[in-house]
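Spelled out, the chains give:
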Amino acid sequence: MAFLFNKLQEAVKVLAKSPTFARDPRKMQFEADINRLFLYTCYNRLGKSAEEADVDEVIEMANKASVDDQQKQVQENIHSQTRNFSTAMDSILLSDSTEGDGAGGGSSKNADAAPRRSGLSLAVGQRGPSSKHPAIPKTKPLNLAEVSLRLKESIGYTLDLKPSQISHEAAGTGLFVNGEADVGTVIAFYPGVIYAPAYYRYIPGYPRVDAKNPYLITRYDGTVVNAQPWGSGGETRELWDGSRLPENQPISHSNDEKGPDRLWKTLSKPLEGTQIIGGVGEIIERRNPLALAHFANHPAKGMAPNVMICPYDFPLTEKEMRTYVPNVSFGNPEEVSMRRFGSFWWRTGSKESGSDVPIMKALVLVTTRALCDEEVLLNYRLSNSKKRPAWYTPVDEEEDRRRWS
């Protein structure tokens with residue numbers, strides 16, 4: 001397998017310089033990232049029994065397939081792994097009587113109690129939630145630590161939070177793999193509240209959203225995920241709307257701007273008459289051992305990242321998996337369409353979706369090599385157009401420039 005992985009890595013390096021990628025720097029970097037994710041996740045899908053001919057076929061496909069086709073395959077690969085993870089979590093948490101009920105099935109003693117209106121819903125003028133809301137299914141009385149241990153027994157790895165091995169003080173808590181994970185594995189989910197560009201003004205702290213929150217991250221399409229409300233998870237399956245900061249919320253160890261793929265640019269002008277959808281949140285499993293991607297640190301000088309960011313468009317029709325995807329969307333992302341012009345986002349009218357399947361624009365971390373009992377390191381790719389923290393050492397200055405061009 002080591003020989004096959006080395007062959008794959010050589011292909012990654014060669015294809016990264018492919019002349020077929022877009023000339024626009026930002027789009028070029030996006031396409032290069034999709035190409036790498038295609039290679040890694042397809043390799044992972046081959047499994048332990050992969051032969052050299054199989055790897056050759058994957059490399060050939062990466063050479064010939066369009067970026068759109070590669071992107072679709074990446075989504076399929078990520079979704080397949082997420083389904084396997086969800087199945088493992090069901091076997092851990094659900095009794096025989098609740099299996100098959102889905103995220104909204106089952107019952108509990110609190111299922112009929114109307115939840116209080118959140119502070120967020122009051123602040124933006126939402127209507128009070130309906131007393132009719134999904135029932136929370138009964139689950140086994142396991143705490144997060146117990147679930148994490150059983151997940152490792154099931155899939156071979158879990159995640160732990162421990163003091164980072166990065167030497168600078170701002171590193172604080174680090175994210176560690178406990179167990180073994182092969183290259184191309186979905187190692188972590190980036191949890192929290194998802195904001196489409198139309199709702200930037202509702203990100204706490206706007207317009208300086210990153211001043212006191214190092215747990216923001218953006219996708220190439222402008223979608224922002226705020227992991228601060230998630231903290232380090234919880235001990236229940238609950239109706240969660242991300243409107244309150246948990247007691248065990250992540251702590252910023254420095255005033256330096258530390259978050260990955262930060263919002264350095266000025267955010268867009270607020271939309272007029274924005275309608276925020278009322279509701280009580282989603283049934284989310286807070287005992288999710290993999291919902292800790294926001295604790296991954298940037299590698300120190302002389303170290304290399306071992307994961308990369310991957311956009312994941314989760315199909316909301318997958319009701320039985322929904323509870324294990326640790327995100328909720330703010331507002332209605334299908335309501336308006338936003339278009340990027342330079343550093344600004346503008347409203348362009350009604351949303352025209354190319355698919356009839358509603359999606360939630362999430363993010364996961366994918367391993368770029370096999371990991372075993374070690375710290376997870378993510379290239380933050382901070383913009384080189386602004387002053388960066390003293391602790392930040394670029395992994396690839398050219399990639400940083402293209403990402404934020």
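Residues numbered from 1 in each chain as written. Predicted model: local features only at pLDDT ≥ 70, side-chain atom pairs only at ≥ 80, totals over all residues. Heavy atoms only, no water.

For the protein, an unreviewed UniProt entry supplies the name SET domain-containing protein and the organism Linum trigynum.

(A) Looking closely at the overall build of the protein. Regarding its fold elements, the protein presents eight helices and 14 strands. Each of the 405 residues in the protein was classed as buried or not, and the buried ones make up 51%. By sequence separation, contacts in the protein at least 24 residues apart represent 79% of the contacts at least 6 residues apart. About 19200 Å² of surface is accessible on the protein, with carbon and sulfur atoms providing 49% of the total. (Helix = DSSP H or I, 4+ residues; strand = E, 2+ residues; numbered from the N terminus. Buried < 20%, exposed > 50% of the residue type's maximum accessible area, 1.4 Å probe, protein only. Contact = heavy atoms within 4.5 Å. Areas by Shrake-Rupley, 256 points an atom, 1.4 Å probe, with all protein chains shown as cover.)

(B) The arrangement of the sheet that holds strand β2 (residues 173–181) in detail. Taken together, three strands build an open sheet; the order of strands is β1-β2-β14 and the sheet is antiparallel. The open sheet has two edge strands, β1 (157–163) and β14 (371–372), and neither has a second partner. Pairing analysis gives seven bridges linking β1 to β2, with the strands arranged antiparallel. Its bridge partner lying in β2, Leu-159 is registered against Val-177. (Pairing = 2+ DSSP bridges.)

(C) View of the pattern of salt bridges. Under the definition given, this model contains 16 salt bridges. Where Asp-221 meets Lys-361, a salt bridge forms, and the shortest distance between an N and an O atom there is 3.4 Å. Of this pair, Asp-221 sits in the loop between β5 (216–218) and β6 (224–226) while Lys-361 sits in strand β13 (residues 359–367); the two residues are 140 residues apart in sequence, bridging distant segments of the chain. Lys-361 gets classed as partly exposed once you look at its relative accessible area, which sits at 27%. Its salt-bridge partner being Arg-401, residue Glu-398 comes within 2.3 Å of it at the nearest N-O pair. Of the two residues, Glu-398 and Arg-401 both sit in helix α8 (residues 397–403), three residues apart, roughly one turn of that helix. Classification of Glu-398 as partly exposed rests on a relative accessible area of 35%. A relative accessible area of 36% means that Arg-401 is categorised as partly exposed. (Salt bridge = Lys/Arg side-chain N within 4 Å of Asp/Glu carboxyl O.)

(D) The arrangement of the nonpolar core in detail. By size, the foremost hydrophobic cluster in this structure holds 67 residues, and its most contacted members are Ile-78, Leu-159, Ile-187, Tyr-190, Val-364 and Leu-365. Per element, the largest residue contribution to this core is eight residues, and it comes from helix α2 (residues 25–46). With near-sequence residues (within four places) excluded, Leu-365 lies in contact with Thr-185, Val-186, Ile-187, Ala-188, Ala-293, Ala-296, Val-307, Met-308, Ile-309, Val-376 and Leu-378. Ala-198, Leu-216, Val-328 and Phe-330 belong to the second-largest nonpolar core, a separate cluster that totals 16 residues. (Core = buried A, V, L, I, M, F, W, Y, C linked by side-chain atoms within 4.5 Å.)

(E) Molecular detail of the pairing of β2. The pairing of β2 with β14 spans two bridges and is antiparallel. Its bridge partner lying in β14, Ala-181 is registered against Leu-371.

(F) Representation of the packing of α2 against helix α3 (residues 52–64) in the model. Running from N to C, α2 and α3 cross one another at 155 degrees; their axes reach a closest spacing of 10 Å. In this view, α2 runs roughly antiparallel relative to α3, as classed from their interaxial angle. Crossing hand, α2 versus α3: right-handed. Here α2 contributes Asn-35, Phe-38, Leu-39, Cys-42, Tyr-43 and Leu-46 to the contact with α3, which in turn contributes Asp-54, Val-55, Val-58, Ile-59, Met-61 and Ala-62. In terms of residue class, the contact of α2 with α3 is made up of ten nonpolar, one polar and one charged. (Axes fitted to C-alpha atoms, helices over the stretch in contact; angles between N-to-C directions. Parallel < 35°, antiparallel > 145°, perpendicular 65-115°, else oblique. Left-handed = near helix turned anticlockwise from the far one by under 90°. Nonpolar A, V, L, I, M, F, W, Y, C, P; charged D, E, K, R; others polar.)

(G) Structural detail: the sheet that holds β6. Overall, mixed pairing links the four strands, which are arranged β5-β6-β4-β10 in an open sheet. The open sheet has two edge strands with one neighbour each: β5 and β10 (327–329). In this sheet, adjacent strand axes meet at a mean angle of 25 degrees when their direction is disregarded.

(H) Fine view of the packing of aromatic side chains. Considering all chains together, one arrives at twelve aromatic pairs under this definition. For the ring pair Tyr-215 and Phe-295, a centre distance of 6.2 Å and an interplane angle of 50 degrees mean the geometry is tilted. Here Tyr-215, found in the loop between β4 (192–195) and β5, pairs with Phe-295, found in the loop between β8 (282–285) and β9 (307–315); they are 80 residues apart in sequence, far enough to count as distant. Residue Tyr-215 is classed as buried on the basis of its relative accessible area, which comes to 6%. With relative accessibility at 7%, the residue Phe-295 sits in the buried group. The cationic tip of Arg-286 hangs over the ring face of Trp-230; the distance from NZ or CZ to the ring centre is 4.5 Å. The ring centre of Tyr-220 lies 4.4 Å from the NZ or CZ of Arg-403, which sits over that ring. (Phe/Tyr/Trp six-rings, centres within 6.5 Å; stacked < 30°, edge-to-face > 60°. Lys NZ or Arg CZ within 6 Å of the ring centre and 35° of its normal.)

(I) Quick look at α2. In this model α2 runs 32 Å from its N-terminal to its C-terminal C-alpha over 22 residues, within 8% of the 32 Å that 1.5 Å per residue would give. In terms of residue burial, α2 counts as a mostly covered element, since 17 of its 22 residues are buried. Following α2 by one or two positions, Gly-47 adopts a phi angle in the positive range, close to 85 degrees. (Expected span 1.5 Å × (residues − 1).)

(J) Spotlight on the environment of Val-67. For Val-67, the location among the structural elements is in helix α4 (residues 67–93). Each C-alpha atom, one on Val-67 and one on Ala-32, is 9.0 Å from the other, the two residues being 35 residues apart in sequence. Discounting residues that sit within four places of it in the chain, Val-67 has contacts with Glu-31 and Ile-34.

(K) Examining the side chain of Gln-81 more closely. With respect to the element layout, Gln-81 can be found in helix α4. Its relative accessible area of 16% is what places Gln-81 among the buried residues.

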